[in-house]
Amino acid sequence: MEKVSKATSFSTILIGIYMVIFSCLEIGAILFCKIAGDATMTGVNITAMTGGSDDYISGYLIVPRILGTVFSGMAEITVLILAAVLFIVLLIFLAVLIISCILIKKRKLKADAWMKIIIFSILTGMSAFLIQSSVLAVLLAVPVVLGAYVLTK
């Protein structure tokens, strides 16, 4: 029977930590989406009231208020898309964590290592090329390195 190495246990714990961090980011994105939605409605109300306001430069005050409404609406949509992407990544982490725990319990450590190498290589590549975040790429590469260590041992 294969003994569970510290690298396997550490990489699984690390995936759990990543999942907690992404959960916090997801909650923050949802809360920001709610705040952006309130800001959008405030902007709509301000823009709707500009028709009756008399200012010394007639009509010029309306344009910045309309642009503010448009940009706050775009912020809500952008954060909503970000929240959706974070939710998908969170589901991937959850699936990998559950599968990893099952594989470790069944002592299929090579299959666990290969799964982590494949999934986290894809996520590392996406973070390096799409998001262009070297810090995130390095953090996501740690399970790849630990999986390769388990395979070579």
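Residues numbered from 1 in each chain as written. Predicted model: local features only at pLDDT ≥ 70, side-chain atom pairs only at ≥ 80, totals over all residues. Heavy atoms only, no water.

Enquirer: Looking at this model, I keep getting lost on the layout of surface pockets. Mind explaining?
Expert: The gaps of empty space that remain are located by a probe, the size of a water molecule, rolled over the atoms. Approximately 450 Å³ is the volume found for the largest pocket. Contributing to the lining of the largest pocket are 19 residues, with F22, V89, I131, L136 and L140 lying nearest its centre. Elements with a minimum of two residues in the lining of the largest pocket: α1 (6–49), α2 (62–105), α3 (109–131) and α4 (134–152). With 7 residues, α2 is the largest single contributor of residues to the lining of the largest pocket. (1 Å grid on protein atoms, 1.4 Å probe; cavity = no way out; pocket = protein on both sides within 12 Å on 5 of 7 lines; lining within 4 Å. Points joined across faces, edges and corners; volume = space filled by probe spheres on them. Helix = DSSP H or I, 4+ residues; strand = E, 2+ residues; numbered from the N terminus.)

Enquirer: Can you walk me through the side chain of E26 in this structure?
Expert: Relative to the elements of secondary structure, E26 occurs in helix α1. On the basis of relative accessible area, E26 is assigned to the buried category, the value being 8%. In this view, E26 contacts A83, L86 and F87; residues no more than four positions away in its chain are not counted. (Buried < 20%, exposed > 50% of the residue type's maximum accessible area, 1.4 Å probe, protein only. Contact = heavy atoms within 4.5 Å.)

Enquirer: Help me understand the environment of V89 in this model?
Expert: Topologically, V89 is positioned in helix α2. The sequence separation of V89 and F22 amounts to 67 residues, and the corresponding C-alpha distance is 7.9 Å.

Enquirer: Explain the packing of aromatic side chains here, please?
Expert: When we look at a pair of aromatic rings, we describe it by the centre distance and by the angle of the planes. For the structure shown, the criterion picks out 3 aromatic pairs. Judged by centre distance (6.0 Å) and plane angle (40°), the rings of Y18 and F93 are tilted. With Y18 in helix α1 and F93 in helix α2, this pair connects stretches of sequence that are 75 residues apart. Take Y18 and F93: they sit in the same class, and that class is buried. Feature note: the residues Y18, F22, F93 and F120 constitute an aromatic cluster, connected by ring pairs. (Phe/Tyr/Trp six-rings, centres within 6.5 Å; stacked < 30°, edge-to-face > 60°.)

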